[in-house]
Each structure stands twice: as C-alpha cells, then as structure tokens.
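# Structure at a glance
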Amino acid sequence: MLQDAAAVAEEAAALIARYVKTKPDARVLVATGNTPMPTYEALAQLKPDMSDTWAVQLDEYLIPEDDPRRLCAWMARAYVTPLGVTQVLGFDLSLSDTQRMCRLHADKIGTLGGVDLAILGLGPNGHLGFNEPPSGSNAPTRAVTLSQASLASNAAYWSAAPHGARAAPRSAVTVGMDIILRADTILLLVTGRHKRDILARTLSETPNPGLPSSYLQGTNLVVITDQDVTGSTA
Ligand code: PGA
C-alpha cells in the first residue's frame, strides 16, 4: 500500500521496466482509463527499451474509425508513442463483422503465445477491460453492451475538450476473461477512495461471474494501491 497515486505510478512503472528488461519481447496487454495514465508517464521517464515489446489492445468502442474517442488512439497517445513501442496488436477496426474482428484479435494473441504482462484498471462494477458482470472466467473476446456503471465512469473521459461534451459509446469489444486470466503476470492498478469497496470485494468474494475481477484471485496477481483505497492512515 502506497501513499498516493504518484507513488503507485512509480512502483508500477518500476515493475513494468523490470519485466521488459527480463523479457524484452513481452506481450503487454494495455489498459486505457484514468488509473494507468500516471504509470505510463512514470514509465516514460525511466526510458526502458520497449522496442521489441508488443502492445496488445485490451478493449475498444464500436464507433466510426475516425472518432477521436477510439481507445486505440488513446493507447497510442499514452503508451505506444511515448514508450517507443513499434509492435501494436489492435482490434481490426476496418472489419464490419464484429464477431470476426474479435475472433481475429484473439487468434493473433494466441499466435503470439498469449499475454505476458496484463496492465489493468478496476472497473467500478468489477469489470476487467469491458468484461461486464456477468462474465465468467472463460468469457471469450467478444462484443458487449456497456453497463450503466461503465457508461457513467467512461462519460468522464469524453466530457471535456478536445473531444467536446460527448456521451460515452454504448457498444464495445473486449479481450475475453479467458485470455486475461491466463497472463503470466497481472498488474492491477487501483487508486482513489471510490475504488475501496470494489477492491475489497475483488480480493475477498468467492470468484463469481457477478464480479469478474474476483477471478483475479486465482492468477499471478500484483495489486498496487494507494492508501485512499486501503483506508490506512499509516
Ligand atoms: P479508470 O477505469 O481507470 O478510469 O477508473 C477503470 C476501468 O473502468 O476499467
């Protein structure tokens, strides 16, 4: 448990830098959302050699290809470009058949050998990527309709310039629980008081589809949190 979000970012960045040093061709599953942003900034400061790593897209909205809210654009701005990553595996947005888009993405991840390091945030309802409740541990890569909880939290991403006050998209695709849970290492980043209860449930509830994040208990999981989440006064 660390003092604040900045300390979380430093610790997480150091872990990622160590990971890619020992595995320079690591396949990294990359979350967007607010939580990992300070970590990616801290990682860029460490200037690790990420040139042989893969950035694997975790989730994406189903909106027109040129829409600035696309999560692949966010991943490029926050992670791929500043870290000098050259190998990106994203959902193929040119495909109108979303089932095929999902199957291809999952197949390509499989061909690479799966995910080494998954960097995840924690949804307000325990979603991972866009694996909304209910999602079992074998839920595949697929198209989903976002829950009210996710729409509400995602709306914050798009309420300000430069995107204009636009609603969060309702339809999305996500890497499945089956791939996420098989990652060699899962780094779960959780900051802020508003995540306190959902993290406690994630780590204590018997794993169940109503709380997808609870399945992380059976994985090689590293949780990095701040004291707002743990409630400690130490
Ligand atoms: P956040 O989102 O990092 O913006 O809180 C996490 C998530 O919804 O998965």
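Up top is the structure.
Bear in mind the structure is a predicted one, so any value in this text is a computation, not a measurement.

## Details of the pattern of salt bridges
Tallied over the full model, the rule gives 6 salt bridges. In this structure, the salt-bridge partner of Lys23 is Asp25, at a minimum N-O distance of 3.0 Å. According to the relative accessible area criterion, Lys23 is partly exposed, its value standing at 24%. A salt bridge links Arg27 to Asp116; the nearest nitrogen and oxygen atoms lie 3.3 Å apart. One end of the pair, Arg27, is in strand β1 (residues 27-30); the other, Asp116, is in the loop between α4 (98-112) and β5 (117-120), with 89 residues separating them in the sequence. Looking at Arg27, the relative accessible area reads 12%, which means it is buried. When its relative accessible area of 6% is taken as the criterion, Asp116 is described as buried.

## Quick notes on the layout of surface pockets
By volume, the largest pocket amounts to about 470 Å³. Around the largest pocket, the lining is made up of 27 residues, and of these Gly33, Asn34, Thr35, Tyr157 and Lys195 lie nearest the centre. Those elements giving two or more residues to the lining of the largest pocket turn out to be β3 (59-61) and α5 (148-155). Class assignment of the residues belonging to the lining of the largest pocket gives a composition of 13 nonpolar, 12 polar and 2 charged.

## With respect to helix α1 (residues 5-22)
Given a rise of 1.5 Å per residue, 18 residues ought to cover 26 Å, and the 26 Å separating the end C-alpha atoms of α1 matches this to within 8%. Within α1, burial applies to Val8, Ala9, Ala12, Ala13, Leu15, Ile16, Ala17, Tyr19 and Val20. Turning to α1, the residues buried within the fold contact α2 (37-46), β5, β8 (185-190) and β9 (221-225).

## Describing the pairing of β1
Along β1, one buried face is formed by Arg27 and Leu29 and the opposite face, lined by Val28 and Val30, is buried too. Relative to strand β2 (residues 54-57), β1 is paired through 4 bridges, and the arrangement is parallel. Looking at β2, one finds that Leu29 is bridged to Val56. With respect to chirality, the unit in which β1 leads through α2 into the neighbouring parallel β2 is right-handed. In this sheet, β5 lies alongside β1 in parallel orientation, the contact comprising 3 bridges. Each bridged residue has a counterpart across the sheet, and for Val28 the counterpart in β5 is Leu117.

## Regarding the nonpolar core
The biggest cluster of nonpolar side chains holds 73 residues, and the ones touching the most others in it are Tyr79 and Leu120. Non-local contacts of Tyr79, meaning those with residues more than four positions away in its chain, are made with Val28, Val30, Tyr40, Met50, Ala55, Trp74, Val85 and Ile119.

## Structural notes on the site of the ligand
Every residue close to the ligand is listed here: Gly33, Asn34, Thr35, Leu122, Gly123, His127, Tyr157 and Lys195. Separating an oxygen atom of the ligand from a side-chain N or O atom of Lys195 is a distance of 2.7 Å. Coverage of the ligand by the protein amounts to 87% of the 280 Å² it exposes when considered alone. For the ligand, the cavity whose grid points lie within 2 Å of the majority of its atoms is the largest pocket. Of the residues assigned to the shell around the ligand, the class counts are 2 nonpolar, 5 polar and 1 charged.

Conventions and cut-offs
- Residues numbered from 1 in each chain as written.
- Predicted model: local features only at pLDDT ≥ 70, side-chain atom pairs only at ≥ 80, totals over all residues.
- Heavy atoms only, no water.
- Salt bridge = Lys/Arg side-chain N within 4 Å of Asp/Glu carboxyl O.
- Buried < 20%, exposed > 50% of the residue type's maximum accessible area, 1.4 Å probe, protein only.
- Helix = DSSP H or I, 4+ residues; strand = E, 2+ residues; numbered from the N terminus.
- 1 Å grid on protein atoms, 1.4 Å probe; cavity = no way out; pocket = protein on both sides within 12 Å on 5 of 7 lines; lining within 4 Å.
- Points joined across faces, edges and corners; volume = space filled by probe spheres on them.
- Nonpolar A, V, L, I, M, F, W, Y, C, P; charged D, E, K, R; others polar.
- Expected span 1.5 Å × (residues − 1).
- Contact = heavy atoms within 4.5 Å.
- Pairing = 2+ DSSP bridges.
- Right-handed = clockwise from strand over helix to strand, strands pointing away.
- Core = buried A, V, L, I, M, F, W, Y, C linked by side-chain atoms within 4.5 Å.
- Near = heavy atom within 4 Å.
- Polar contact = N/O pair within 3.5 Å; in protein donor to acceptor, adjacent residues only side chain to side chain.
- Areas by Shrake-Rupley, 256 points an atom, 1.4 Å probe, with all protein chains shown as cover.
- Sits in = over half its atoms within 2 Å of the grid points.

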